[in-house]
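The residues making up each chain are set out below.
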Amino acid sequence: MSFLWTPWRMEYIRSEKRQGCIFCTEQKLPDGSENLIVFRGPLTFVILNRFPYTCGHLMVVPYIHKASLEDLDVATRSEIMENAVHTLEVLKKEYQPQGFNMGFNIGEVAGAGVLDHVHFHVVPRWGGDTNFMSALGGARVLPELLSETYERIKRTWDEV
Ligand SMILES: [Zn+2]
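Residues numbered from 1 in each chain as written. Predicted model: local features only at pLDDT ≥ 70, side-chain atom pairs only at ≥ 80, totals over all residues. Heavy atoms only, no water.

## As for the pairing of strand S5 (residues 120–125)
Thought 1: Where burial is concerned, most of S5 is hidden: five out of the six residues are buried.
Thought 2: Pairing analysis gives three bridges linking strand S3 (residues 58–62) to S5, with the strands arranged antiparallel. Within S5, the residue paired with leucine 58 across the bridge is valine 122. (Buried < 20%, exposed > 50% of the residue type's maximum accessible area, 1.4 Å probe, protein only. Helix = DSSP H or I, 4+ residues; strand = E, 2+ residues; numbered from the N terminus. Pairing = 2+ DSSP bridges.)

And the structure:
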């Protein structure tokens with residue numbers, strides 16, 4: 001089943017979030033266009049953002065459920081950075097963005113969507129990218145389906 005970008009799906013995810021941590025839930029599912037996990041390392045995984053800021057918005061997430069960076073050991077923090085660099089290379093090859101926003105949002109006031117499970121954002125940027133995504137019923141409209149983005153990232157991951 002392919003993912004559709006609909007407010008209904010958004011409501012579904014919101015209700016899921018109230019029941020538990022989305023990152024802990026997704027990592028228990030088989031990898032594919034449903035859980036959107038493109039790569040698994042020993043300590044961290046890389047997952048497409050279900051509500052991306054731009055097309056190709058990925059996140060590097062530790063398996064362990066911890067709220068902040070100082071709660072992670074050195075090996076986990078290092079793997080986050082190495083996977084972030086690989087993610088950057090994959091996006092450069094597959095999507096040729098003109099720039100990136102990369103980093104952590106820690107705490108609700110800083111814009112964190114998932115408060116208790118720290119994650120590193122990799123957001124590809126293009127000039128005028130906030131213009132080509134229009135708002136429709138509170139949901140952003142992206143130039144391709146998440147399932148297509150998933151297949152492109154997964155295919156390129158091993159080539160880079
Ligand atoms: Zn969690």
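## Some details on the pattern of salt bridges
Thought 1: Counting across every chain of the model gives six salt bridges.
Thought 2: Between arginine 152 and glutamate 94 there is a salt bridge; the shortest N-O distance is 2.8 Å. Pair noted here: arginine 152 is in helix H5 (residues 146–157) and glutamate 94 is in helix H3 (residues 74–95), with a separation of 58 residues, a long-range link.
Thought 3: The class for glutamate 94 is buried, based on a relative accessible area of 17%.
Thought 4: Taking the shortest distance from any N to any O, the salt bridge between arginine 152 and glutamate 144 comes out at 3.0 Å.
Thought 5: Note on glutamate 144: relative accessible area 14%, which makes it buried.
Thought 6: Connected through shared salt-bridge partners, Glu94, Glu144 and Arg152 make up one network. (Salt bridge = Lys/Arg side-chain N within 4 Å of Asp/Glu carboxyl O.)

## Focus: the coordination of the zinc ion
Thought 1: Surrounding the zinc ion are the protein donor atoms Cys21 (SG), Cys24 (SG), His65 (ND1) and His117 (ND1), which sit 2.0 to 2.3 Å from the metal.
Thought 2: Around the zinc ion, the four donor atoms are arranged such that angles at the metal cover 100 to 118 degrees; this shape is classified as tetrahedral.
Thought 3: On the primary sequence, the residues serving as donors to the zinc ion are separated as C-x2-C-x40-H-x51-H. With cysteine 21 in the loop between helix H1 (7–19) and helix H2 (22–26) and histidine 65 in the loop between S3 and H3, the pair connects residues that are 44 residues apart, well separated along the chain.
Thought 4: On the accessibility criterion, cysteine 21 (16% relative accessible area) is buried. (Donors = N, O, S within 2.8 Å, 3.2 Å for Na, K, Ca; no water. Tetrahedral: all angles 85-135°; square planar, octahedral: opposite > 155°, others 65-115°.)

## A short note on the environment of glycine 41
Thought 1: Here glycine 41 is to be found in the loop between strand S1 (37–40) and strand S2 (44–48).
Thought 2: Overall, glycine 41 belongs to the buried group, its relative accessible area being 11%.
Thought 3: Among residues more than four places away in sequence, those in contact with glycine 41 are Tyr63 and Glu79. (Contact = heavy atoms within 4.5 Å.)

## As for the nonpolar core
Thought 1: With 31 residues, the main nonpolar core has Phe23, Val38, Ile47, Leu58 and Ile153 as its most contacted residues.
Thought 2: Put simply, the parts of the chain that give this core at least two residues each are H2, S1, S2, S3, H3, S5 and H5.
Thought 3: The element best represented in this core is H3, accounting for five residues.
Thought 4: If near-sequence neighbours (up to four positions away) are discounted, valine 38 is found in contact with Val46, Leu58, Tyr150, Ile153, Lys154 and Trp157. (Core = buried A, V, L, I, M, F, W, Y, C linked by side-chain atoms within 4.5 Å.)

## Let's talk about the packing of H3 against H5
Thought 1: In the contact formed by H3 and H5, the axes pass within 9 Å of each other and the chain directions differ by 110 degrees. Overall, the two elements H3 and H5 adopt an arrangement that is roughly perpendicular. Considering how the two elements wind past one another, H3 and H5 form a crossing that is right-handed. Judged by residue contacts, Asn83, His86, Thr87, Val90, Leu91, Lys93, Glu94 and Tyr95 of H3 engage Thr149, Arg152, Ile153, Arg155, Thr156 and Trp157 from H5.
Thought 2: Across the contact of H3 with H5, the residue classes break down as five nonpolar, five polar and four charged. (Axes fitted to C-alpha atoms, helices over the stretch in contact; angles between N-to-C directions. Parallel < 35°, antiparallel > 145°, perpendicular 65-115°, else oblique. Left-handed = near helix turned anticlockwise from the far one by under 90°. Nonpolar A, V, L, I, M, F, W, Y, C, P; charged D, E, K, R; others polar.)

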